[in-house]
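Listed below, chain by chain, are the residues.
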Amino acid sequence: MGLLKEINKPQDIKKYSMEQLNEIAKEIRQLILETVSVTGGHLAPSLGVVELTLALHYVYNSPQDKIVWDVGHQSYVHKILTGRREEFSTLRQYGGISGFPKREESAHDVFATGHSSTSISAALGFAQARDKLGLDYEVVAVIGDGAMTGGMAFEALNHAGHLGADLLVILNDNEMSIDQNVGAMSSYLSRLRADPMYTKRKEDIEYILKKVPAIGSTVVKAVERVKDSLKYLLVPGILFEELGFTYLGPIDGHNIPEISMVLRKAKKLKGPVLLHVITQKGRGYEPAVCNPAVFHGVAPFQLKTGCIIKNPGPSSYTSVFSEALTELAEKDQRIIAITAAMPEGTGLNSFAKKYPQRFYDVGIAEQHAVTMASAMALEGLRPVVAIYSTFLQRAYDQILHDVCLQKAPVLFAIDRGGLVGEDGPTHHGVFDYSYLRHIPGMAVLAPKDEEELRHMIYTALQYDGPVAVRYPRGAGIGVDISEDFRLLPWGKGEVLAKGDNLAILAVGSMVYPALTVKKILEYKGIRCTVVNGRFIKPLDQELIVELAQTHPCLVTMEENVIAGGFGSGVLELLTNSGINGVKVLNIGVPDQFVTHGKVDILKEAIGLTPEKIAEQIVSHFALPEQKVKPQKVPLTFAYKQG
Ligand SMILES: Cc1ncc(C[n+]2csc(CCOP(=O)(O)OP(=O)(O)O)c2C)c(N)n1
Ligand SMILES: CC(=O)[C@@H](O)[C@H](O)COP(=O)(O)O
Ligand SMILES: [Mg+2]
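As recorded in an unreviewed UniProt entry, the chain goes by the name 1-deoxy-D-xylulose-5-phosphate synthase, listed as coming from Thermanaerosceptrum fracticalcis. In its Sequence similarities (unreviewed entry) section, UniProt records this for the chain: "Belongs to the transketolase family. DXPS subfamily." For the chain, the Subunit (unreviewed entry) comment in UniProt is given as "Homodimer."

Novice: I keep staring at the coordination of the magnesium ion (ligand 3) and nothing clicks. Help me out?
Specialist: Under perfect tetrahedral coordination by four donors, a metal shows angles of 109.5 degrees; under perfect octahedral coordination by six donors, it shows angles of 90 or 180 degrees. Coordination of the magnesium ion (ligand 3) by the protein involves Asp145 (OD), Asn174 (OD1) and Met176 (O), with metal-donor separations of 2.0 to 2.1 Å. Site description for the magnesium ion (ligand 3): donor spacing in sequence, D-x28-N-x1-M. Linking Asp145 in the loop between strand 2 (139-144) and helix 6 (151-163) with Met176 in the loop between strand 3 (167-173) and helix 7 (184-193), this pair joins segments that are 31 residues apart in sequence. With relative accessibility at 3%, the residue Asp145 sits in the buried group. On the basis of relative accessible area, Met176 is assigned to the buried category, the value being 10%.

Novice: Explanation requested: the site of ligand 1 in the structure shown.
Specialist: With respect to spatial proximity, 23 residues lie near ligand 1, and among them His73, Gly146, Met176, Lys281 and Glu366 are the closest. Contact distances for ligand 1 include 2.9 Å between a nitrogen atom and a backbone N or O atom of Gly114. Within the side chain of Asn174, one N or O atom sits 2.9 Å away from an oxygen atom of ligand 1. In the complex, the protein chains occlude 98% of the 580 Å² of accessible area that ligand 1 would expose alone. Looking at the shell around ligand 1 residue by residue, the classes come out as 9 nonpolar, 10 polar and 4 charged. Each of two domains, domain 1 (3-290) and domain 2 (317-470), supplies a minimum of three residues to the shell around ligand 1.

Novice: In this structure, what is going on with the sheet that holds strand 17 (residues 583-589)? I would like to understand it.
Specialist: The strands making up a sheet associate through hydrogen bonds between their backbones, and the pairing can be parallel or antiparallel. Strand order in this open sheet of 5 strands is 12-14-13-16-17, and the pairing throughout is mixed. Pairing within the sheet leaves two strands with one partner each, and these edge strands are strand 12 (494-497) and strand 17. Put simply, the sheet's adjacent strands are angled 25° from each other on average, direction ignored. Sheet analysis places strand 12 next to strand 14 (residues 528-532), joined by 3 bridges and oriented antiparallel. When the sheet's bridge partners are listed, Glu494 is paired in strand 14 with Asn532. Here helix 21 (residues 511-522) sits on the sheet in contact with strand 12, strand 13 (502-506), strand 14 and strand 16 (553-561), set at roughly 175° to strand 14. Strands strand 13, strand 16 and strand 17 of the sheet are contacted by helix 23 (residues 566-576), whose axis makes an angle of about 145° with strand 16.

Novice: Help me understand the UniProt feature "binding site: thiamine diphosphate" (unreviewed entry) in the chain, please; the structure alone is not making it clear to me.
Specialist: As recorded in UniProt, the feature "binding site: thiamine diphosphate" (unreviewed entry) lies at His73, Gly114, His115, Ser116, Gly146, Ala147, Asn174, Tyr285 and Glu366. Annotated residues spanning 294 residues; largest pairwise C-alpha distance 31.7 Å, indicating distribution over more than one region. Considered against the second largest pocket, the annotated residues that line it turn out to be Gly114 and His115. Turning to its location among the elements, Gly114 is positioned in the loop between helix 4 (76-84) and helix 5 (119-133). Setting aside its immediate chain neighbours within four residues, Gly114 contacts Val71, Phe100, Phe391, Thr426 and His427.

Novice: Where do I start with the UniProt feature "binding site: Mg(2+)" (unreviewed entry) in the chain in this structure?
Specialist: UniProt records the feature "binding site: Mg(2+)" (unreviewed entry) at Asp145 and Asn174, using the numbering of this structure. A maximum C-alpha distance of 6.9 Å among these annotated residues, which run over 30 residues, shows that they cluster at one spot. Dropping the residues within four chain positions of it, Asp145 is found in contact with Leu171, Asn172, Asp173, Asn174, Glu175, Met176, Asn181 and Leu189. Mapped onto the secondary structure, Asn174 falls in the loop between strand 3 and helix 7.

Novice: What am I meant to see in the pairing of strand 4 (residues 246-252) here?
Specialist: Residues in a regular strand project their side chains so that they alternate between the two faces of the sheet. Bridging between strand 4 and strand 5 (residues 272-278) involves 5 bridges; their strand directions are parallel. If you follow Asp252 over to strand 5, its bridge partner there is Ile278. With helix 11 (residues 256-268) bridging strand 4 and the parallel strand 5, this β-α-β connection has right-handed handedness.

Novice: Is there a simple way to think about empty space enclosed by the protein in this case?
Specialist: It is the rolling of a water-molecule-sized probe over the atoms that shows where space remains empty. Taken as a whole and judged by the stated rule, the model has 3 cavities of 30 Å³ or more. By volume, the largest cavity amounts to about 40 Å³. Lining the largest cavity, in full, are Pro425, His428, Val430, Phe431, Gln592, Phe593 and Val594. Class assignment for the residues of the lining of the largest cavity results in 5 nonpolar, 2 polar and no charged.

Novice: Looking at this structure, I do not really get the environment of Asn255. What am I missing?
Specialist: Looking at the element boundaries, Asn255 is found in the loop between strand 4 and helix 11. Separated by 64 residues in the primary sequence, Asn255 and Arg191 have C-alpha atoms spaced 21 Å apart. In this structure the side chain of Asn255 is engaged in a polar contact, spanning 2.9 Å, whose partner is the backbone nitrogen of Glu258.

Novice: Just to check I follow, could you spell out the domain arrangement of the chain for this structure?
Specialist: Interfaces are often described in size by the accessible area the parts lose on coming together. Splitting the chain by domain gives domain 1 (3-290), domain 2 (317-470) and domain 3 (494-621). Computed from C-alpha coordinates alone, the two centres of domain 1 and domain 2 are separated by 32 Å. At the interface, 19 residues of domain 1 touch 17 residues of domain 2. By the criterion of area lost to domain 2, the three top residues of domain 1 are Arg92, His115 and Asp179, representing 37% of everything that side buries. At the boundary of domain 1 with domain 2, the tally comes to 1 salt bridge.

Novice: When you look at the site of ligand 2 in this model, what are you seeing that I'm missing?
Specialist: In the vicinity of ligand 2, the residues found are His42, Val71, His73, Phe100, Ile178, His296, Tyr388, Phe391, Arg416, Asp423, His427 and Arg473. Within the contact set of ligand 2, an oxygen atom lies 2.9 Å away from a side-chain nitrogen or oxygen of His296. Residue Arg473 places a side-chain N or O atom 2.7 Å away from an oxygen atom belonging to ligand 2. Here ligand 2 loses 87% of its free accessible area of 360 Å² to cover by the protein chains.

Novice: In this structure, what is going on with the layout of surface pockets? I would like to understand it.
Specialist: Taken as a whole, the second largest pocket spans an internal volume of roughly 350 Å³. Residue lining of the second largest pocket: 17 residues in total, with Pro101, Ala112, Thr113, Pro425 and Thr426 positioned closest to the centre. Broken down by class, the residue content of the lining of the second largest pocket amounts to 6 nonpolar, 8 polar and 3 charged.

Novice: Can you walk me through unusual backbone geometry in this structure?
Specialist: One can expect most non-glycine residues to show negative phi and most peptide bonds to be in trans. The amide bond that connects Gly249 to the next residue, Pro250, takes the cis arrangement and shows omega of -5°. Among the secondary structure elements, Pro250 is positioned in strand 4. That bond from Lys537 to Pro538 is cis: its omega, 0°, falls within 30 degrees of zero. Counting through the fold element by element, Pro538 comes out in the loop between strand 15 (535-537) and helix 22 (541-550). A positive phi angle, near 70°, is found at Ala341, a position not held by glycine. For Ala341, the location among the structural elements is in the loop between strand 6 (335-339) and helix 14 (343-346). Positive phi, normally seen in glycine, also occurs at Arg416, with a value near 55°. Mapped onto the elements of the fold, Arg416 is located in the loop between strand 9 (411-415) and helix 19 (432-437).

Rules of the game
- Numbers given for residues are sequential positions, taken from 1 along each chain in its written order.
- Going through the entries in the order they are written, you letter the chains from A and number the ligands from 1.
- At least 70 in pLDDT is required for a residue's local features to be given in this predicted model, at least 80 for side-chain atom pairs to be given and counted, and no such filter applies to totals for whole chains, interfaces and linings, which use all residues.
- The side-chain quantities take in all heavy atoms of the structure and omit both hydrogens and water.
- UniProt positions are given in the numbering used here, feature names are shortened, and annotations may be inferred rather than shown by experiment.
- In this listing, donors mean N, O and S atoms no farther than 2.8 Å from the metal, or 3.2 Å for Na, K and Ca; water is missing from the atoms, so a site can look incomplete.
- A run of H or I in DSSP becomes a helix once it reaches four residues, and a run of E becomes a strand once it reaches two; helices and strands are each numbered from the N terminus.
- For the exposure calls, accessible area comes from a 1.4 Å probe over protein chains only, and a residue counts as buried if that area is under 20% of its type's maximum, exposed if over 50%, partly exposed in between.
- Throughout, the term near means that a residue has one or more heavy atoms lying within 4 Å of the molecule or strand in question.
- Counting of polar contacts relies on pairs of N or O atoms within 3.5 Å, with two restrictions inside protein: one atom must be capable of donating a hydrogen and the other of accepting it, and residues adjacent in sequence are counted only when both atoms are side-chain atoms.
- Only the protein chains shown count as covering a residue, and every accessible area follows the Shrake-Rupley method with a 1.4 Å probe.
- Throughout this entry, Asp, Glu, Lys and Arg are counted as charged residues, while Ala, Val, Leu, Ile, Met, Phe, Trp, Tyr, Cys and Pro are counted as nonpolar. The remaining residues, Gly among them, count as polar.
- Each domain's extent was defined by an automatic or database domain assignment.
- A pair of strands is labelled paired if DSSP reports no fewer than 2 bridges between them.
- Working convention: axes come from line fits to C-alpha atoms, limited for helices to the stretch in contact. Angles between N-to-C directions cover 0 to 180 degrees.
- Only heavy atoms enter the contact rule, under which two residues are in contact if any of them lie within 4.5 Å.
- Using only the protein atoms, space was sampled on a 1 Å grid; points where a 1.4 Å probe fits but cannot get out form cavities, open sets with protein on both sides within 12 Å along at least five of seven lines form pockets, and lining residues are those with an atom within 4 Å of a point.
- For crossovers, right-handed means that the path from the first strand over the helix to the second runs clockwise, given strands pointing away from the viewer.
- Grid points are joined across faces, edges and corners, and a volume is the space filled by probe spheres set on the points.
- Summed over both partners, buried area is the accessible surface (1.4 Å probe) that two parts give up on being assembled.
- By definition here, a salt bridge exists when the distance from a side-chain nitrogen of Lys or Arg to a carboxyl oxygen of Asp or Glu is within 4 Å.

So this is what it looks like as structure tokens:
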């Protein structure tokens, strides 16, 4: 490592020449490649902003000057340049550095991001605070072309233009969201990239020349167009100019001298400035350049070949959902599939290939996706909105008012439910039971395994109302998956095992762990009933009341925060049913933001492993322990730890 090892803070790069900065760029790319090929992570986004980040830290003075990274998945270069080079190998590992900007991690991470399209709002907030407090610093938001399709970005552009705030928005345009970018904004940016000044001027001049001999309205129109083309000629970023921004660009986002020169110019301008830079996602690593969608967020891979190291194992919940929906769509023409810029992640890409006319990618616009789906459903279609649990949080109001209040039969396919692992607190889907359960008319289901997910999707589509099916990230349990579809009894749980000392009522990803807890407790002479709750709402009231009346202790288990989750619903039911004899323990995610790391490690850390749960049960209920060898009772399901 040549010059890079001398850089421990951003100011250290200011002494280097442009040639040396290009050398440093090479070293940074190599470090990112060597690290992410081992840890996994957001490779292509970060490779695409190496020169941009170097130029930014060359011209600005972080952390006094505030740089906000939209989504923040592209912040690896920023982290390497701001004192985290040596610990960069701990990227996304438990106890290591986060894959996203994190205030607790560094003063240079001025705003925690992870969800898209927030950077301009944050930048405007910092700019307003600066002006109100009489402080002196620059503010920069770096936002991608994908994130620019998010509604919040427009809200902030609108407000910043209105205020005339001194700030810089850098639009990092690489023509990609996670997949190909979509929307009218993306097309507009393509035109800007294609240097419309030339094309626009040429068309208009030809148009005018052809018409000169004519008289009357044609000449008037011609004059109008000349005016327009002059406007376009002088200000290609007219959309941003009309919002009050000075538009600069488009410039080459890999040319450090050019970027630095334009950044210096931008610093001198008053009011909001938008600098449009063109970058290549995955720059410097051929496999990522050729396939930026695959290398957007990538698992560990072989550096030499770009082959991603796959863990053979059970079908993923995502693929089971995708196959089930695509099969059902064959028979039911009403089914429409909607994603918010994540066709690959939600598994809808295969649906899109088979039914392009019944598929929508709305861009990073979860709120719009939900409300559009509601109107579709009210007209008789069966829209299926596939959005990760954490990103669906953004559309809470739309779910409540635009879907549930009007009883629109929208199916929410909620992927990444529960802990997601290395993406950390901005991405764990551990709040959805709580943010959905209290909405009148909403039904919430969670399958115990991938086989049940298939039947839940089918059952949910037969239900004439708002319904959510929530399932985890990654591989299923490894059970056989039937070919048919079974209608599950609505609102009913499933008794998996019987015992008289205590009853465990588990939902979703905690059902198989509950069976393991049962095994562990048997060795202590404690016999458990285990129930697969299946429905977070409506609860199986009859079964729960019966369990409470026939067992001295009741345990609920869920991979959701305890507050307001499934267990809370059970407690409300017992209280409202006047049942107070039974002792209850709610097991779930504690009242904290769970950090990043492998899921197994995180579960160990927050007491969500079967062993830790069994310990909590014994101590909570002060159950007498007898060392017994339980009779060999085969589990109804072979639960595989893993
Ligand atoms: C609200 C929200 N929805 C979805 C995502 C998932 N997501 C992460 S990055 C990304 C695409 C971002 O594209 P762009 O801003 O162009 O950045 P690039 O990866 O191209 O650098 C998406 C959809 C998210 N982080 N936040
Ligand atoms: C940065 C971002 O929000 C996405 O790239 C997200 O990390 C994808 O998550 P999965 O890897 O679970 O699809
Ligand atoms: Mg992009």
